[in-house]
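Single-letter residue listing:
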Amino acid sequence: DAKTTQPPSMDCAEGRAANLPCNHSTISGNEYVYWYRQIHSQGPQYIIHGLKNNETNEMASLIITEDRKSSTLILPHATLRDTAVYYCIVRVATGTASKLTFGTGTRLQVTL
Amino acid sequence: DAGVTQSPTHLIKTRGQQVTLRCSPKSGHDTVSWYQQALGQGPQFIFQYYEEEERQRGNFPDRFSGHQFPNYSSELNVNALLLGDSALYLCASSLRMGELEYFGPGTRLTVT
């Protein structure tokens, strides 16, 4: 699985958009980009994933660059409850065994 | 619809002892993965079970073993506990191998 690089921490004001970047320059053509978050020692929570097109769901948007070497997770209106560690993970999504390889993630602090 | 459940929530063991952690997957899921998360680190993959067989294993010693039952629930066993085994142990389940993984709340193991 390709390695990802994320900033260790970011701050965001409540109500503003939070844009979390991720670099995955060695990503392969069959590897997806996944985002999970973990709120204070709870289990990681799935947010969104994509292959090459931009994706949006009720939680967030995922923007993947055309060369697929980087992506941005966007929380459009951050709230205090979005304070968490956000993990960007690259993984092959096939019918065979495929693990999630977590890095140290980005600690997002949302403030008033 | 119950999500992934794990038991116990917390436990304390002494060095050298053995421990068994349990996981029930999300309804309809047949694949279970286990992860270890040390304090301040991202989760690290231990192994994955599908059809009652270990399908993939991370870089963990043989002291870590597992089992999957016909109802898809799973156990993680750790023998000869070391202080360094103190961590949050996370179980994740998916519909099939390589599909989206959903995490349980974890079991906090403290080894003294």
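All values derive from a computational prediction rather than experimental measurement.

Caption draft 1: Structural view of the overall build of chain A. Broken down by element type, chain A carries zero helices and nine strands. Listing each helix as α and each strand as β along chain A from the N terminus yields β-β-β-β-β-β-β-β-β. In summary, chain A has a C-alpha radius of gyration of 13 Å against a globular reference of 13 Å for 112 residues, a match within 12%. The principal-axis extent of the C-alpha atoms belonging to chain A is close to 45 × 30 × 25 Å. In chain A, which comprises 112 residues, the share counted as buried stands at 43%. About 5700 Å² of surface is accessible on chain A, with carbon and sulfur atoms providing 49% of the total. Treating the 10 positive side-chain charges of chain A as one cloud and the 9 negative ones as another, the clouds have centres 5 Å apart.

Caption draft 2: Quick peek at the nonpolar core. With 21 residues, the main nonpolar core has Trp35, Leu73, Tyr86 and Leu108 of chain A as its most contacted residues. Elements with a contribution of two residues or more to this core: β2 (18–23), β3 (31–38), β4 (45–50), β6 (61–64), β7 (70–75), β8 (84–92) and β9 (106–111) of chain A. Looking at this core, the element that brings in the most residues is β8 of chain A, giving four residues. Excluding anything up to four places from it in sequence, leucine 108 of chain A contacts Met10, Asp11, Cys12, Ala18, Leu20, Leu75, Asp82, Thr83, Ala84 and Tyr86 of chain A. Residues Leu11, Cys23, Tyr49 and Cys91 of chain B belong to the second largest nonpolar core, which totals 20 residues.

Caption draft 3: The interface of chain A and chain B, seen in detail. At the interface, 21 residues of chain A touch 21 residues of chain B. Buried surface at the junction of chain A and chain B, both sides included, amounts to about 1600 Å², of which 54% is carbon and sulfur. Considering only the surface of chain A that becomes buried against chain B, Ala97, Lys99 and Phe102 of chain A emerge as the three largest contributors, covering 29% of it. The tally of links from chain A across to chain B stands at one salt bridge. In this structure, glutamate 101 of chain B and arginine 91 of chain A form a salt bridge, with 3.9 Å as the shortest nitrogen-oxygen distance. The interface formed by chain A and chain B holds seven residue pairs in polar contact (both at pLDDT 80 or more) in total. Here the side of chain A that touches chain B is built from residues that sort into nine nonpolar, 10 polar and two charged.

Caption draft 4: A look at the packing of aromatic side chains. Following the criterion strictly, the structure yields 10 aromatic pairs over all chains and no others. Seen from their ring centres, tyrosine 36 of chain A and tyrosine 46 of chain A are 5.8 Å apart, and the 75 degrees between their planes marks the pair as edge-to-face. Of the two residues, tyrosine 36 of chain A sits in strand β3 while tyrosine 46 of chain A sits in strand β4, which places them 10 residues apart along the sequence. Taken individually, tyrosine 36 of chain A and tyrosine 46 of chain A each receive the classification buried, so the pair is uniform in this respect. Pairing tyrosine 35 of chain B with phenylalanine 45 of chain B gives two aromatic rings, centres 5.6 Å apart and planes at 70 degrees, and the pair type is edge-to-face.

Caption draft 5: Highlighting unusual backbone geometry. All names here are of chain B. With an omega dihedral of -10 degrees, the bond running from serine 7 to proline 8 counts as a cis peptide bond. Tracing the backbone through its elements, the reader meets proline 8 in the loop between β1 (5–7) and β2 (10–13). Backbone geometry places glutamate 52, a non-glycine residue, at a positive phi of 65 degrees. Checked against the element boundaries, glutamate 52 lands in the loop between β5 (44–50) and β6 (53–57). One non-glycine residue, tyrosine 72, adopts positive backbone phi at about 80 degrees. Tracing the sequence through the fold places tyrosine 72 in the loop between β7 (64–68) and β8 (74–78). The class for tyrosine 72 is partly exposed, based on a relative accessible area of 40%.

Caption draft 6: A look at the sheet that holds β8 of chain A. Residue and element names in this part refer to chain A. The strand order across the open sheet formed by five strands is β1-β9-β8-β3-β4, and the pairing between neighbours is mixed. Either end of the sheet is taken by a strand with one partner, and the two such strands are β1 (9–13) and β4. Averaged over all adjacent pairs, the angle separating strand axes in this sheet is 25 degrees, with direction ignored. Taken together, the five bridges between β3 and β4 define a ladder with antiparallel strand orientation. Across the sheet, the residue bridging to tyrosine 34 is histidine 49, located in β4.

The rules behind the values
Residues numbered from 1 in each chain as written. Chains lettered and ligands numbered in written order. Predicted model: local features only at pLDDT ≥ 70, side-chain atom pairs only at ≥ 80, totals over all residues. Heavy atoms only, no water. Helix = DSSP H or I, 4+ residues; strand = E, 2+ residues; numbered from the N terminus. Rg over C-alpha atoms; globule rule 2.2 N^0.38 Å. Buried < 20%, exposed > 50% of the residue type's maximum accessible area, 1.4 Å probe, protein only. Areas by Shrake-Rupley, 256 points an atom, 1.4 Å probe, with all protein chains shown as cover. Lys, Arg positive; Asp, Glu negative; His and termini not counted. Charge placed at Lys NZ, Arg CZ, Asp CG, Glu CD. Core = buried A, V, L, I, M, F, W, Y, C linked by side-chain atoms within 4.5 Å. Contact = heavy atoms within 4.5 Å. Buried area = accessible area lost by both parts, 1.4 Å probe. Salt bridge = Lys/Arg side-chain N within 4 Å of Asp/Glu carboxyl O. Polar contact = N/O pair within 3.5 Å; in protein donor to acceptor, adjacent residues only side chain to side chain. Nonpolar A, V, L, I, M, F, W, Y, C, P; charged D, E, K, R; others polar. Phe/Tyr/Trp six-rings, centres within 6.5 Å; stacked < 30°, edge-to-face > 60°. Pairing = 2+ DSSP bridges. Axes fitted to C-alpha atoms, helices over the stretch in contact; angles between N-to-C directions.

These results come straight from atomic positions and should not be treated as a statement about function.
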